[in-house]
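Survey of secondary and tertiary structure
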Number of protein chains: 2
Amino acid sequence: MPKKTQRKERETYTISELAREFDISTRTIRYYEELGLLSPERTSGNQRIFTKRDKTRLKLIIRGKRLGFSLNEIKEMIEMYDVAGETEQIKLTLKYGEKKLKEIEEKIKELEMLREDMLSIREILIKRLKELESKK
Amino acid sequence: MPKKTQRKERETYTISELAREFDISTRTIRYYEELGLLSPERTSGNQRIFTKRDKTRLKLIIRGKRLGFSLNEIKEMIEMYDVAGETEQIKLTLKYGEKKLKEIEEKIKELEMLREDMLSIREILIKRLKELESKK
DNA sequence: CTTAAGTTTTACGTTTACGTTAATGTCATT
DNA sequence: AATGACATTAACGTAAACGTAAAACTTAAG
């Protein structure tokens, strides 16, 4: 039997690896853990080990931030992923999810409106520019 | 000649009227002025008078905020509306506008991804719920 | 003219989301 | 075992975006 590669699963990351990858500080990552947004394992020497799952979460957190959600809102959304629970809990989660879904769809609409605004301003500017250039 | 109605244009608002309408504090409105996002006229007694234009701006500011833009970014976007200037200035504004447009389109995409995530979580939850209910 | 409700500026306070520094510990390599 | 690179906790600092309170002024209504 051939020796199996030692590489059982090196699908873990250190804090600075993730920090570099997402272009944030290690402090930020620790802060997210402090708020309960992440809960990485630890080595025997107490250093954080991040799994693929943690990495996915971090990506979610960052996306949420970019979209104007507070860390608290993001936490609530993330917790939806972790509902192990009973029917009542699930129903509540579903309800909250519907609310968030509506908010998200609202935001999409608003962004599209903003986009339209920007596009028409662009048109105006281009027109003005052409006038100026032709009078030159 | 019939007496014209005194109502030449009462299309103005006090600070608290706007505050109520947008559900923000008067402090917030004053703060936006302090940052140069608004510049309302004043009465003889130094009280702020907001025009329709100011109101439109305020709406824009609030929308921007909801979408995760900083007040500074919002200010820069608003200033695009006010470019009276020369070709060079217009070109710069256009360039900045293109950048913002891309950012906005990025955000729309991200929100749509988030929406997909939420939808699939919902599916999972609903499925789990049905299982639990059937085993009852 | 008086009064109440609203407004002004000034200034210090608060929350969120980290930045920064210090003192100490861990890990991999030589 | 020693060196250098990275990690840990603790704690104070900071910028953005307002909140809050005080003291004085305006305005609309009666």
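Keep in mind the model is a prediction, meaning the values are calculated, not measured.

1. A word on the relation of the copies chain A and chain B
Of the transformation placing chain A onto chain B, the axial shift is 0.0 Å and the rotation is 180°, giving an RMSD of 0.1 Å. Classification of the inter-copy transformation places it as that of a two-fold axis. Scanning chain A for the C-alpha nearest the rotation axis identifies A:G68, at a separation of 1.7 Å. Interface residue correspondence from chain A to chain B reaches 98%, placing this contact among same-surface, isologous pairings.

2. Re the protein's contact with DNA strand D
In the vicinity of DNA strand D, 21 residues are found, and the nearest of them are A:S16, A:R30, A:R48, B:S25 and B:Y32. Here DNA strand D approaches the protein such that, of its atoms within 4 Å, sugar and phosphate make up 77%. Between A:R48 and DNA strand D, the recorded distance is 2.2 Å, taken from a side-chain N or O atom to a phosphate oxygen. At 2.4 Å, a side-chain N or O of B:S25 approaches a phosphate oxygen of DNA strand D. Of all elements in the fold, only α1 (15–22) and α2 (26–34) of chain A together with α2 (26–34) of chain B reach the threshold of two or more residues within the surface near DNA strand D.

3. Examining the sheet that holds strand β1 (residues 12–13) of chain A
Residue and element names in this part refer to chain A. Taken in spatial order, the 3 strands of this open sheet run β1-β3-β2, and their pairing is antiparallel. Here the strands that pair on one side only, and so sit at the sheet edges, are β1 and β2 (41–42). The sheet contact formed by β2 and strand β3 (residues 48–51) spans 2 bridges and is antiparallel. Residue pairing across strands places E41 opposite I49, the latter belonging to β3. Sitting on the sheet, helix α3 (residues 52–66) touches β1 and β3, and the angle it makes with β3 is about 80°.

4. Considering the protein's contact with DNA strand C
Among the 20 residues in the neighbourhood of DNA strand C, the closest are listed as A:S25, A:Y32, B:S16, B:R30 and B:R48. Of all DNA strand C atoms lying within 4 Å of any protein atom, the proportion belonging to sugar or phosphate reaches 73%. Within the contact set of DNA strand C, a phosphate oxygen lies 2.4 Å away from a side-chain nitrogen or oxygen of A:S25. B:Q47 is positioned such that a nitrogen or oxygen atom in its side chain is 3.5 Å from a sugar or linking oxygen of DNA strand C. When contributions to the surface near DNA strand C are tallied by element, the ones reaching two or more residues are α2 of chain A together with α1 (15–22) and α2 of chain B. Looking at the surface near DNA strand C, the element that brings in the most residues is α2(A), giving 4 residues.

5. Examining the side chain of A:R57
Inspection of the secondary structure assignment puts A:R57 in helix α3. Overall, the relative accessible area of 12% leaves A:R57 in the buried class.

6. Thoughts on the pairing of β3(A)
Judged from the 2 bridges that link them, β1(A) and β3(A) form a sheet pairing that is antiparallel. Across the sheet, the residue bridging to A:T12 is A:T51, located in β3(A).

7. Looking at the confidence of the model for chain A
Detailed conclusions should not be drawn from predicted coordinates in areas where pLDDT is low. All names here are of chain A. Averaged over all residues, the pLDDT of chain A equals 88, while 90% of them reach at least 70. Per-element mean pLDDT across chain A ranges from 90 in helix α5 (residues 87–134) up to 98 in α2. Residue range residues 1–8 is modelled with pLDDT below 50. Its contacts to residues more than four positions away, or to other chains, number 0 contacts.

8. A few points about the interface of chain A and chain B
Frequently, the measure chosen for interface size is the accessible area removed from exposure when the parts meet. Chain A puts 45 residues into the contact, and the matching count from chain B is 44 residues. For the chain A and chain B pair, buried surface summed over both sides reaches about 4,400 Å², with 73% attributable to carbon and sulfur atoms. Three residues, A:R63, A:L111 and A:M118, lead the burial of chain A against chain B; their summed loss comes to 15% of the area buried on that side. Scanning the region where chain A abuts chain B turns up 12 salt bridges. Between A:R63 and B:D117 there is a salt bridge, with its nearest N and O atoms 3.9 Å apart. Between the two partners, chain A and chain B, sit 8 residue pairs in polar contact (both at pLDDT 80 or more). Breaking the side of chain A that touches chain B down by element, the ones donating at least two residues are α3 and α5 of chain A. Among the elements that take part in the side of chain A that touches chain B, α5(A) stands out by supplying 32 residues, more than any other. Of the residues contributing to the side of chain A that touches chain B, the split by class is 23 nonpolar, 5 polar and 17 charged.

Conventions adopted
For every chain, the first residue of the written sequence is number 1, and numbering continues from 1 along that sequence. Each chain gets a letter, beginning with A, and each ligand a number, beginning with 1, in the order they are written. The predicted nature of this model means local features are confined to residues of pLDDT at least 70 and side-chain atom pairs, given and counted, to a pLDDT of 80 or more, with totals for whole chains, interfaces and linings taken over all residues. Values shown for side chains rest on all heavy atoms present in the structure; no hydrogens or waters enter the calculation. The least-squares superposition of copies is restricted to C-alpha atoms, and to residues with a pLDDT of at least 70 in both copies. Should any heavy atoms of two residues lie within 4.5 Å, those residues are counted as being in contact. Any residue with at least one heavy atom within 4 Å of a molecule or strand is counted as near it. N or O atoms within 3.5 Å of each other form a polar contact, as long as, within protein, one can give a hydrogen and the other can take it, and as long as residues adjacent in sequence are counted only when both atoms are side-chain atoms. Each helix is a run of DSSP H or I of at least 4 residues and each strand a run of E of at least 2, with the numbering of both proceeding from the N terminus. Paired strands, in this sense, are two strands between which DSSP finds at least two bridges. Note on geometry: axes are lines fitted to C-alpha atoms, helical ones only across the stretch in contact, with angles between N-to-C directions running from 0 to 180 degrees. Each residue gets one of three labels from its accessible area relative to the maximum for its type: buried under 20%, exposed over 50%, partly exposed in between, using a 1.4 Å probe on protein chains only. Per-residue confidence from the predictor is reported as pLDDT, a score between 0 and 100. The buried area of a pairing is the accessible area, by a 1.4 Å probe, that goes missing from both parts when the two are put together, added over both. The working definition used for a salt bridge is a side-chain nitrogen of Lys or Arg within 4 Å of a carboxyl oxygen of Asp or Glu. Just so you know the grouping, Ala, Val, Leu, Ile, Met, Phe, Trp, Tyr, Cys and Pro go in nonpolar, Asp, Glu, Lys and Arg go in charged, and all remaining residues, Gly too, go in polar.

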